[in-house]
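Residue-level structural notes
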Amino acid sequence: YRKSMGSSNQANTNRLWYPSFVWLSSTIASSEKYQEALALIDSITHKFPPLNPLDKMYLAYVKGLSYYRLKQPSPAEKNLEEAFAIADQLSSQPQMFNDVSQIYLKTASMYSSGGDMKKAKECLQKALALKTGFRDLISNVDLALIQFKIDSSEGKYLSAIQRYQRYEQLNDSGFNLKKTR
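Read on for a plain summary of the structure. Since this is a predicted model, take the numbers as computed values, not measurements.

The rules we used
Chains are numbered independently. Their residues run from 1 in the order of the written sequence. Whole-chain, interface and lining totals are the exception, using all residues; otherwise, since this is a predicted model, local features are given only for residues with pLDDT of at least 70 and side-chain atom pairs are given and counted only at 80 or more. To obtain the side-chain values, all non-hydrogen atoms of the structure were included, while hydrogens and water were left out. Secondary structure is summarised from DSSP: a helix means a run of H or I of at least four residues, a strand means a run of E of at least two, and numbering begins at the N terminus for each. Given the number of residues in a helix, its expected span is that number minus one, multiplied by 1.5 Å. Working definition: with a 1.4 Å probe on protein chains only, accessible area under 20% of the residue-type maximum means buried, over 50% means exposed, and in between means partly exposed. Directions from the helix axis toward the C-beta atoms define the arc. Here the axes come from fitting lines to C-alpha atoms, over the contacting stretch only for helices, and the angles between their N-to-C directions go from 0 to 180 degrees. Throughout this description, any angle smaller than 35 degrees is read as roughly parallel, any larger than 145 degrees as roughly antiparallel, any in the 65 to 115 degree range as roughly perpendicular, and the remainder as oblique. Crossing chirality is assigned from the near helix's rotation relative to the far helix, an anticlockwise turn below a right angle marking it left-handed and a clockwise turn marking it right-handed. Between two residues, a contact is recorded if the distance between any of their heavy atoms is within 4.5 Å. What we call a nonpolar core is a set of buried Ala, Val, Leu, Ile, Met, Phe, Trp, Tyr and Cys residues that are connected through their side-chain atoms within 4.5 Å.

Unusually for a residue other than glycine, E32 sits at a positive phi of about 65°. For E32, the location among the structural elements is in the loop between α2 (18-30) and α3 (34-47).

Laid out in structure tokens, this is it:
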């Protein structure tokens, strides 16, 4: 991305590289390098702010995730609220269902890992309310795990066991699928 940045010193130049920057920031945060993700986002968006709502939503989510994992609740909530506001706007567009659903599902996973089951459940319900048409294997694995954690925390043990069995079945499927390639 640095090479692309060097050749475009003006904010109005063609930004074919921007989706790669958004993906890179998400990947860095997923690798638990939260400070690095925040530094990258701040350095790029200072000079090149996102131009479309989808990029804004993903960047706000990555910032929210990073601040949450760094145990900075105020900026985390601010950024997640921004991501949710954009997601709510985009949720009326069928072509955006998968992206919006992913934001809610990833946030539900983040909250459930942190033990905040109330917020996890709210995000999960928003993700499930969108009829995406399909969910990839990884999303289904995450969904089953989140549902298991929520059911367990609510004392719905029979349902939790069923969700966990579903999680294990999907997780084995993913492992076997990766292993055979």
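Here the focus is α3. For α3, with 14 residues, the first-to-last C-alpha span of 21 Å sits near the 20 Å given by 1.5 Å per residue. Listed in full, the buried residues belonging to α3 are Y34, A37, L38, L40, I41, I44 and T45. Buried residues of α3 fall within an arc of 160° about the axis and therefore sit on the same side. Exposed and facing more than 90 degrees away from the buried side of α3 are Q35 and H46.

Next up on the list: the packing of α2 against α3. The N-to-C vectors of α2 and α3 enclose an angle of 160°; their axes lie 7 Å apart at closest approach. As summarised for this structure, α2 and α3 are arranged roughly antiparallel, according to the angle between their axes. Both α2 and α3 take part in a crossing whose hand is left-handed. The residues of α3 that touch α2, namely those facing Y18, F21, L24, S25, I28 and A29, are Y34, E36, A37, L40, I41, I44 and T45.

Let us now look at the nonpolar core. By size, the foremost hydrophobic cluster in this structure holds 43 residues, and its most contacted members are Y18, F21, I44, M57, Y61, V100 and L124. For this core, the secondary-structure elements that each account for two or more residues are α2, α3, α4 (53-69), α5 (73-90), α6 (97-113), α7 (117-129) and α8 (137-153). Of the residues forming this core, the biggest block, eight residues, is contributed by α6.

The subject of this paragraph is the environment of L105. Relative to the assigned elements, L105 resides in helix α6. It is 6.5 Å that separates the C-alpha atoms of L105 and C123, two residues lying 18 residues apart in sequence.

Close contact between α4 and α5 brings their axes to 7 Å; oriented N to C, the two are set at 150°. Here α4 is positioned roughly antiparallel relative to α5, judged by the angle of their axes. α5 is crossed by α4, and the crossing has left-handed handedness. For the pair α4 and α5, the contacting residues are P53, L54, K56, M57, A60, Y61, K63, G64, L65, Y67 and Y68 in the first and P75, A76, N79, L80, E82, A83, I86, A87 and L90 in the second.

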